[in-house]
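Residue strings, one per chain:
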Amino acid sequence: MNTVSIAVRVQQPWPRPDEGVTPQPWRRVVADIAARNGLSPGEIMQRTRAPRISHARHEAMHALRQRGWSYPQIARVWGMDHTTALYGVRAFQRRQGEV
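Here the structure is a predicted model, which is why all the values come from computation and not from measurement. (Residues numbered from 1 in each chain as written. Predicted model: local features only at pLDDT ≥ 70, side-chain atom pairs only at ≥ 80, totals over all residues. Heavy atoms only, no water.)

> Explain the overall build of the protein chain residue by residue, including any values.
Helix and strand counts for the protein chain stand at five helices and zero strands. When the helices and strands of the protein chain are listed from N to C terminus, the series reads α-α-α-α-α. Relative to its full complement of 99 residues, the protein chain shows a buried share of 35%. (Helix = DSSP H or I, 4+ residues; strand = E, 2+ residues; numbered from the N terminus. Buried < 20%, exposed > 50% of the residue type's maximum accessible area, 1.4 Å probe, protein only.)

This is the structure we're talking about:
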């Protein structure tokens, strides 16, 4: 009788955004940017398109990206797709004249 070996691919979960990626947890980054923009951290976490809030959210995404976070890690903070995080970072860079 022949035995067949089945290889099972174990998917490793993504690291949580605040585990070892940066010495500053994401909540602090969001709180700092919220305070700078006259908002609460809860407002930045909302899924609204209001320019005042979305621009601050894009700034927070950019700040996390500058700290070495991947787009999927940033997206998980807001419960969105990584391409939305990519758009947010690029939108902030355009407004700042970086791109």
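Anyway, onward from the coordinates.
> Tell me about helix H4 (residues 71-78), and please be specific about residues and values.
Along H4, six of the eight residues are buried, which leaves the element largely enclosed by surrounding structure. Among all positions of H4, only Tyr71, Gln73, Ile74, Ala75, Val77 and Trp78 are buried. As for H4, its buried residues are in contact with helix H1 (26-36), helix H2 (41-45), helix H3 (51-66) and helix H5 (82-96). With its phi angle positive at about 70°, Gly79 sits one or two positions after the end of H4. (Contact = heavy atoms within 4.5 Å.)

> Provide a residue-level description of the pattern of salt bridges, including the pertinent values.
Evaluated as defined, the whole model comprises two salt bridges. Notably, a salt bridge pairs Arg28 with Asp32, separated by 4.0 Å at the nearest N-O pair. Of the two residues, Arg28 and Asp32 both sit in helix H1, four residues apart, roughly one turn of that helix. Among the ionic pairs, Glu59 bridges to Arg36, the shortest N-O distance being 3.5 Å. Note that Glu59 is positioned in helix H3 and Arg36 in helix H1, a separation of 23 residues in sequence. (Salt bridge = Lys/Arg side-chain N within 4 Å of Asp/Glu carboxyl O.)

> Please provide a residue-by-residue account of the environment of Met45, values included.
Following the sequence through the fold, Met45 ends up in helix H2. Counting along the chain gives 15 residues from Met45 to Ala60, while the straight-line C-alpha distance between them is 10.0 Å. Apart from residues lying up to four places away in sequence, Met45 is in contact with Trp26, Val30, Val77 and Trp78.

> An account of the nonpolar core is requested, with residue identities and associated values reported.
Ranked by internal contacts, the top residues of the largest apolar core, which has 22 residues, are Ile44, Met61, Leu64, Ile74 and Trp78. Secondary structure elements with two or more residues in this core: H1, H3, H4 and H5. Counting residues per element, this core draws most heavily on H3, which supplies six residues. (Core = buried A, V, L, I, M, F, W, Y, C linked by side-chain atoms within 4.5 Å.)

> Any details on the packing of H3 against H5? Residues and values, ideally.
As a packed pair, H3 and H5 sit with axes 8 Å apart at the nearest point and diverge in direction by 100°. With respect to H5, the element H3 is oriented roughly perpendicular. For the pair formed by H3 and H5, the contact residues are His55, His58, Glu59, Met61, His62 and Arg65 on the first element and Thr84, Ala85, Tyr87, Gly88, Val89, Ala91, Phe92, Gln93 and Arg95 on the second. Of the residues assigned to the contact of H3 with H5, the class counts are six nonpolar, six polar and three charged. (Axes fitted to C-alpha atoms, helices over the stretch in contact; angles between N-to-C directions. Parallel < 35°, antiparallel > 145°, perpendicular 65-115°, else oblique. Nonpolar A, V, L, I, M, F, W, Y, C, P; charged D, E, K, R; others polar.)

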